[in-house]
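Here is what each chain is made of, one letter per residue.
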Amino acid sequence: MNKAEFVDFVKDAGDFATKKEAENAVNAFTAAVEKALSKKQSVELVGFGKFETVLQKGKSGKVPGSTKTYKTADKMVPKFKPGKGLKDLVAKIKK
């Protein structure tokens, strides 16, 4: 599902009058989560999940087929941990 399809989905699910209102709601949500994560704050929506930033340790490795090695630096990355309600809902879906 791309953003346009998701906005249509939000419009129907949220009883928004126009597609523009639904798009504004989606944009506001994503901007708020981005702003909170950029300040190293977590966003927890009970039953849905938790957005947070975590430290990803640097890695070292070897380039296949050569003797060259590399090392990546530590960095902060976003992480989403689904809540129990979302996990249970997804578990009910049949393949």
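Let us look at the structure shown here.

## A closer look at the overall build of the chain
Reasoning step 1: Along its length, the chain carries three helices and five strands.
Reasoning step 2: In terms of C-alpha radius of gyration, the chain reaches 19 Å, well past the compact-globule figure of 12 Å for 95 residues.
Reasoning step 3: Every one of the 95 residues in the chain was classed for burial, and the buried ones make up 13%.
Reasoning step 4: Across the chain, the fraction of contacts at a sequence separation of at least 24, relative to all contacts at a separation of at least 6, is 28%.
Reasoning step 5: When the accessible surface of the chain is split by element, carbon and sulfur atoms take 58% of a total near 7,800 Å².

## Examining the packing of aromatic side chains
Reasoning step 1: In the structure shown here, the tally under the stated rule is three aromatic pairs.
Reasoning step 2: Judged by centre distance (6.2 Å) and plane angle (70°), the ring pair of Phe29 and Phe51 falls under edge-to-face. Highlighted residues: Phe29 in helix α2 (residues 19–38) and Phe51 in strand β2 (residues 49–56), separated in sequence by 22 residues.
Reasoning step 3: Residue class for Phe29 comes out partly exposed when judged on its relative accessible area of 39%.
Reasoning step 4: Residue Phe51 is classed as buried on the basis of its relative accessible area of 18%.
Reasoning step 5: Considering the side-chain rings of Phe51 and Phe80, the 4.8 Å spacing of their centres and the 50° angle between planes classify their relative orientation as tilted. Note that Phe51 is positioned in strand β2 and Phe80 in strand β5 (residues 75–82), a separation of 29 residues in sequence.
Reasoning step 6: For Phe80, a relative accessible area of 33% puts it in the partly exposed group.

## Focus on the environment of Ala25
Reasoning step 1: For Ala25, the position within the fold is in helix α2.
Reasoning step 2: Considered as a pair, Ala25 and Gly14 are 11 residues apart in the sequence and their alpha carbons are 9.7 Å apart.

## Observations regarding the nonpolar core
Reasoning step 1: Ranked by size, the top nonpolar core spans five residues in total: Val33, Ala36, Leu37, Val43 and Phe51.
Reasoning step 2: Once you skip the residues sitting within four places of it in the chain, Leu37 turns out to touch Phe51, Glu52, Thr53 and Pro78.

Rules and cut-offs
Every chain is numbered independently, its residues counted from 1 as its sequence is written. Since the coordinates come from a predicted model, pLDDT governs what is reported: local features require at least 70, and pairs of side-chain atoms require 80 or more to be given and counted, while whole-chain, interface and lining totals use all residues. Side-chain calculation: all heavy atoms of the structure are included, whereas hydrogens and water are not. Helix and strand labels come from DSSP, where a helix needs a run of H or I of at least four residues and a strand needs a run of E of at least two; each type is numbered from the N terminus. Computation of the radius of gyration draws on C-alpha atoms alone. For the globule rule, the value is 2.2 Å times the number of residues to the power 0.38. We call a residue buried when its accessible area falls under 20% of the maximum for its residue type, exposed when it is over 50%, and partly exposed in between, using a 1.4 Å probe and counting protein chains only. Residue contacts follow a heavy-atom distance rule, with two residues in contact if any of their heavy atoms lie within 4.5 Å. Throughout, the Shrake-Rupley method with a 1.4 Å probe supplies accessible areas, and for residues the shown protein chains are the sole cover considered. Planes of paired rings set the category: under 30 degrees apart is stacked, over 60 is edge-to-face and the rest tilted, where pairs are Phe, Tyr or Trp rings (Trp by its six-membered ring) whose centres lie within 6.5 Å. Each nonpolar core is a collection of buried residues, namely Ala, Val, Leu, Ile, Met, Phe, Trp, Tyr and Cys, held together in the definition by side-chain atoms within 4.5 Å.

This is a description of form; function is not addressed.
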